[in-house]
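# Coordinate inspection notes
Now for the letters of each chain:
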Amino acid sequence: MNYDLVIFDWDGTVMDSTARIVECMHSAGRDLDLPVLDDDTVRGIIGLGLPEAIRTLYPDIDAPMLGRMRDRYAFHFVAAEATPSRLYPHAEATLAALRDAGLRLAVATGKSRKGLDRVWGNAGLGHWFHASRCADESRSKPHPAMVEELLLELAVRPERALVVGDTSFDLEMARSAGVDRVGVSYGAHPVDRLMTFEPLAVIDALPQLLPVVGLPGDPERERLEHERRV
C-alpha cells in the first residue's frame, strides 16, 4: 500500500453535517441580532475551530460577544444532534476496508473534543480510529499542528500519511505538514478552491479513496457480495 495512516476531516467529509452547521450558525447569529450572512459565506469557514470561525464571520465582535456566540451555536447544534447527522454513503464500509487492510485511521477536526466524543457516542464510530485531534486541544486548521501531533503519536513519517478533507483548510494543513492530500467534492468548499492546494485527487464518494491508497474495489459492493454468498 502507498500509506500507513489516513487522517480524515469529520464534518463534510465523513459526516453529512454541513447544512446543519450553516443553519446553527445562522440561528446563533439571529439570537444575538448579528448581521445575516449568506450560506456560502458560512460554508467558507467550515473546518476552522469555532472561535476562529466566528471571528472570521464577525471580525468586529468583542470577546464577550464571541463567547455568547459560541454558547448559542453550541446550544443549537446540540439540540439539532438529537437527530444525528447521517454519514455519507458507504463511509463506514470504506473505513472498514481501510482498517481490514492494516491501515491506521485518525481524525483531525475543527470540532471540540466534547463535540466529537458526543457524535462518536451517538453514531458508535469511535472504534474505527486509532487517534484524533480536535481544535480545542491543538491549533486550528490550517495550522499543521493537528497532523504533526498525530504523526508523532502514531509514529508515522509524513510521506506515509494521507489527509482527506472537504475544505481548503484541510488541504493547506496537510501540505504545510508535508503530507499528501485528497479532497472530496461533496463538502463545504468548491473544487476549484481545493485544487489550490494540489491534492492527489478530488473524489466524489469515499469508496474512491481506496485505489488512491493502493487498495482495489468498492467496499459496499464487496460487502453485499459477501452477504449474498453466505
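Refer to the structure above for everything that follows.
Procedures and definitions
- Residues numbered from 1 in each chain as written.
- Predicted model: local features only at pLDDT ≥ 70, side-chain atom pairs only at ≥ 80, totals over all residues.
- Heavy atoms only, no water.
- Helix = DSSP H or I, 4+ residues; strand = E, 2+ residues; numbered from the N terminus.
- Buried < 20%, exposed > 50% of the residue type's maximum accessible area, 1.4 Å probe, protein only.
- Pairing = 2+ DSSP bridges.
- Axes fitted to C-alpha atoms, helices over the stretch in contact; angles between N-to-C directions.
- Contact = heavy atoms within 4.5 Å.
- Left-handed = near helix turned anticlockwise from the far one by under 90°.
- Nonpolar A, V, L, I, M, F, W, Y, C, P; charged D, E, K, R; others polar.

## A short note on unusual backbone geometry
For the bond from Lys141 to Pro142, the omega torsion is 10 degrees, close enough to zero to count as cis. By secondary structure assignment, the location of Pro142 is in the loop between strand S3 (131-134) and helix H7 (145-154). Look at His90: it is not a glycine, yet its phi comes out positive at around 65 degrees. Of note, His90 is situated in the loop between helix H4 (63-80) and helix H5 (91-100). For Ala155, which is not glycine, the phi torsion reads 55 degrees and is therefore positive. The residue Ala155 is located in the loop between H7 and strand S4 (161-165) in this model.

## Some thoughts on H7
Of the positions making up H7, those classed as buried are Ala145, Met146, Val147, Leu150, Leu151 and Leu154. Ala155 sits one or two residues past H7 and shows a positive phi near 55 degrees.

## Details of the sheet that holds strand S5 (residues 180-184)
Pairing is parallel in the open sheet, where six strands are placed in the order S3-S2-S1-S4-S5-S6. Of all the strands in the sheet, the pair left with one neighbour each is S3 and strand S6 (201-203). Looking at each pair of strands side by side, their axes are set apart by 20 degrees on average, direction ignored. Running over the sheet, H7 touches strand S1 (5-8), strand S2 (104-109), S3 and S4 and is turned about 155 degrees from S3. Relative to S5, helix H8 (residues 168-176) is tilted by about 175 degrees, and along the sheet it contacts S2, S4 and S5.

## Topic: the packing of helix H3 (residues 50-57) against H4
Put simply, H3 and H4 touch, their axes get as near as 10 Å, and they point 115 degrees apart. The element H3 and its partner H4 pack so that their crossing is right-handed. Residues Leu50, Pro51, Ile54 and Arg55 of H3 touch H4, and the partners they reach there are Leu66, Met69, Arg70 and Tyr73. Tallied by class, residues from the contact of H3 with H4 come to six nonpolar, no polar and two charged.

In short, the description is geometric, and any link to function would need to be established separately.
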